[in-house]
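# A structural walkthrough
Read off the chains here:
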Amino acid sequence: MIDAATRLYCLFGNPARHSKGPVIHNAAFKDKGINAVYLAFEVQDAAGAVQAVRTLDIKGASVTIPFKESIMEHIDWIDPTARVIGAVNTIVNENGVLKGYNTDCQAAVAPLVPFGISGKTVCIVGAGGAARALAHGIAAQNGDIIITNRTEQKGRALAETVNARFIPAEEMENIQADVIINTTSIGMTPKENEISFPPEALRSEMVVMDVVYTPLRTRLLEAAEQKGCTTIDGLSMFIAQAAAQFELWTGIIPDTDLMRNTIIND
């Protein structure tokens, strides 16, 4: 029951209306008996979003595309891991002090570990916050990284930070890799008819991962399945990073099976 004591948590992004964050976090709050509500806000700029947190005393926030990097200059303290990655996806309001964390890194790499990362060539499509988290996680696992991105300057900058190769987006069809990971919003609602990597460059021995989870089967994953690739959808990463956020906000570990089933049955 929502009342005057209900604590507010939220998501900042653009787009944000597709997000399943409210579905899983509100289910977790109910499951743990926490008087709180989580809402999704489609905002226009990071500064305004952070000001809203301060003004409304929002207790915690998820940060998604395209604000994971720009949000950093507006908060009070940044966890060392998030600072190294260069992206924040979680804000904790600790008695008026806004602290930034990154729960994407470990969550993104975990689904890849069973297939082996060390010595593998991993191509990351994109250079935003999710790409940064993945790149640092894969570098820590001794993967050989390729960055490809439509904005060359941003792609090269990320490549330099993790000692990776950069290949321009127009040369994507020439990329030879063991693992392909899309970290962009291409393929995500409302861009579900777009594809982030050329299907003709996919080979059956590849592992193909998409961080997009709406829809769960993106055009990239459909094309990869048709080529006989091993595929990893975005739900595993989404649940893992959300569970870590919930724990940062509340000090309580949520039921990840409940979170997963809530999305699947939504």
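For the structure itself, consult the block above.
Notes on the structure in this doc start here. Computed from a prediction, not measured in an experiment: that's the story for all the values here.

### Examining the environment of Ile180
Tracing the chain through its elements places Ile180 in strand β10 (residues 179–182). The class of Ile180 is buried, set by a relative accessible area of 0%. Each C-alpha atom of the pair Ile180 and Thr214 lies 19 Å from the other, and the pair is 34 residues apart in sequence. For Ile180, the residues in contact, after removing those within four places along its chain, are Cys123, Val125, Phe197, Met206, Val207, Val208 and Met209.

### Focus on the sheet that holds strand β8 (residues 144–148)
Spatially, β9-β8-β7-β10-β11-β12 is the arrangement adopted by the 6 strands of the open sheet, whose pairing is parallel. The sheet is open, and its two edges are formed by β9 (165–166) and β12 (230–232), each paired on a single side. Here strand β7 (residues 121–125) pairs with β10 via 4 bridges, running parallel. Bridged to Cys123 within β10 is Ile180. Most of the contacts of helix α5 (residues 129–140) go to β7, to which it runs at about 170°, and overall it touches β7, β8 and β10.

### Examining unusual backbone geometry
A cis amide bond links Thr189 with the next residue in sequence, Pro190, at an omega value of 10°. Inspection of the secondary structure assignment puts Pro190 in the loop between β10 and β11 (207–210). Positive phi, close to 55°, is recorded for Asn95, a residue that is not glycine. Relative to the helices and strands, Asn95 resides in the loop between β5 (90–94) and β6 (97–101). At Asn142, a position not held by glycine, the phi torsion is positive, near 65°. Within the secondary structure, Asn142 sits in the loop between α5 and β8. Residue Asn142 is classed as exposed on the basis of its relative accessible area, which comes to 56%.

Conventions adopted
Residues numbered from 1 in each chain as written. Predicted model: local features only at pLDDT ≥ 70, side-chain atom pairs only at ≥ 80, totals over all residues. Heavy atoms only, no water. Helix = DSSP H or I, 4+ residues; strand = E, 2+ residues; numbered from the N terminus. Buried < 20%, exposed > 50% of the residue type's maximum accessible area, 1.4 Å probe, protein only. Contact = heavy atoms within 4.5 Å. Pairing = 2+ DSSP bridges. Axes fitted to C-alpha atoms, helices over the stretch in contact; angles between N-to-C directions.

All quantities given are derived from atomic positions and should not be read as evidence of function.
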